[in-house]
Amino acid sequence: MSLADYERLRAATAELDAPFAVVDLGAFRANADDLVRRASGMPIRVASKSVRARRLLDDVLARPGYAGVLAFTLREALWLASLGTRDLVVGYPTVDRRALRTLASDPPRAREVTIMVDDLAQLDVVDAEVPPSSPDRAVVRVALDLDTSWQPLRGRVRVGARRSPLR
């Protein structure tokens, strides 16, 4: 960015209170296109914690090569689903009881949102909030967060991230 560009943006945002962001849409879209090129036909799921502005999220999801969102929290996933975003996976396990109640009692949103689970007890939390026998219970989709690190010496050496207690 040139000094002239910096001064122009500084002047344009002088009256705004932080926090705010200034995004070069040309660069943003060029990066999005380059990711699609490098993905070689594999669909890209956008991580919402990396794209915190809904307009930018909508922009990238409208582009060919992008499909779905890796949401930061279940509440965010529910909100995005209520706005029409499809194919959401919550990136981290949750025990947000209110959000789980909302998910389990709202079939249209439950069809679009998948929760992450790394412990059987998390499924017990869902069942405690909306029992499986409840006539209003939606099918809750789950993805398993597994530790797939390589442990060649019986756990004394680990190669890879340890994200989950499930192996």
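Details of the structure are given in the entry above.
About the cut-offs
- Residues numbered from 1 in each chain as written.
- Predicted model: local features only at pLDDT ≥ 70, side-chain atom pairs only at ≥ 80, totals over all residues.
- Heavy atoms only, no water.
- 1 Å grid on protein atoms, 1.4 Å probe; cavity = no way out; pocket = protein on both sides within 12 Å on 5 of 7 lines; lining within 4 Å.
- Points joined across faces, edges and corners; volume = space filled by probe spheres on them.
- Helix = DSSP H or I, 4+ residues; strand = E, 2+ residues; numbered from the N terminus.
- Nonpolar A, V, L, I, M, F, W, Y, C, P; charged D, E, K, R; others polar.
- Pairing = 2+ DSSP bridges.
- Right-handed = clockwise from strand over helix to strand, strands pointing away.
- Contact = heavy atoms within 4.5 Å.
- Patch = residues over 30% accessible without salt bridge, like charges linked within 9 Å, V, L, I, M, F, W, Y side chains within 5 Å.
- Areas by Shrake-Rupley, 256 points an atom, 1.4 Å probe, with all protein chains shown as cover.
- Salt bridge = Lys/Arg side-chain N within 4 Å of Asp/Glu carboxyl O.
- Buried < 20%, exposed > 50% of the residue type's maximum accessible area, 1.4 Å probe, protein only.

**Describing empty space enclosed by the protein**
On inspection of all chains with the given rule, the structure shows 1 cavity of 30 Å³ or more. Its volume calculated, the largest cavity comes out at about 30 Å³. Lining the largest cavity are Thr94, Leu100, Ile115, Met116, Val117, Gln122, Leu123 and Val126. Those elements that provide at least two residues to the lining of the largest cavity are β4 (113-117) and α7 (120-129). Looking at the lining of the largest cavity residue by residue, the classes come out as 6 nonpolar, 2 polar and no charged.

**Some remarks on the layout of surface pockets**
Each pocket or cavity is described by its volume, and for the largest pocket that value is around 180 Å³. Considering the residues around the largest pocket, the lining is formed by Phe28, Asn31, Ala32, Leu35, Ile44, Arg45, Val46, Ala47, Ser50, Val51, Val60 and Tyr66. Listed by contribution, the elements that provide at least two residues to the lining of the largest pocket are α2 (25-39) and β1 (44-47).

**A few points about the pairing of strand β5 (residues 141-144)**
Where β4 and β5 come together, 4 bridges link them in parallel fashion. When the sheet's bridge partners are listed, Met116 is paired in β5 with Ala143. Handedness of the β-α-β unit built from β4, α7 and β5 comes out right-handed.

**A short note on the side chain of Ser48**
Here Ser48 lies in the loop between β1 and α3 (54-61). In this structure Ser48 touches Val69, Leu70, Ala71, Phe72 and Glu76, once residues within four positions along its chain are discounted.

**Observations concerning a nonpolar patch on the surface**
Nonpolar side chains collect at one region of the surface, where Trp150, Leu153, Val157 and Val159 lie side by side and expose about 380 Å² of accessible area between them. Considering the arrangement of structural elements, one finds Leu153 in the segment after β5. Relative accessible area serves as the criterion here: at 42%, Leu153 is assigned to the partly exposed category.

**Section: unusual backbone geometry**
Looking along the chain, the bond that leaves Ala18 and enters Pro19 is cis, with omega of 5°. Looking at where Pro19 falls in the secondary structure, it is placed in the loop between α1 (3-12) and α2. Although it is not a glycine, Ser40 adopts a positive phi angle of roughly 50°. Summarising the element assignment, Ser40 is placed in the loop between α2 and β1. The phi angle at Asp87 is positive, at roughly 60°, despite the residue not being glycine. Inspection of the secondary structure puts Asp87 in the loop between α4 (74-82) and β3 (88-93). Taking the relative accessible area as the measure of exposure, Asp87 reaches 28% and is therefore partly exposed.

**Let's talk about the pattern of salt bridges**
If you walk through the whole model with that rule in mind, you get 15 salt bridges. Asp34 is paired through a salt bridge with Arg37; the nearest N and O atoms lie 2.7 Å apart. Taken together, the positions of Asp34 and Arg37, both in helix α2 and 3 residues apart, correspond to about one turn of that helix. Using a relative accessible area of 57% as the deciding quantity, one classes Arg37 as exposed. Measuring nitrogen to oxygen at the nearest pair gives 3.2 Å for the salt bridge that ties Asp87 to Arg45. Of this pair, Asp87 sits in the loop between α4 and β3 while Arg45 sits in strand β1, placing them 42 residues apart in sequence. Under the relative-accessibility criterion, Arg45 is labelled partly exposed at 33%. Several salt bridges converge on common partners, so that one network encompasses Asp34, Arg37 and Arg38.

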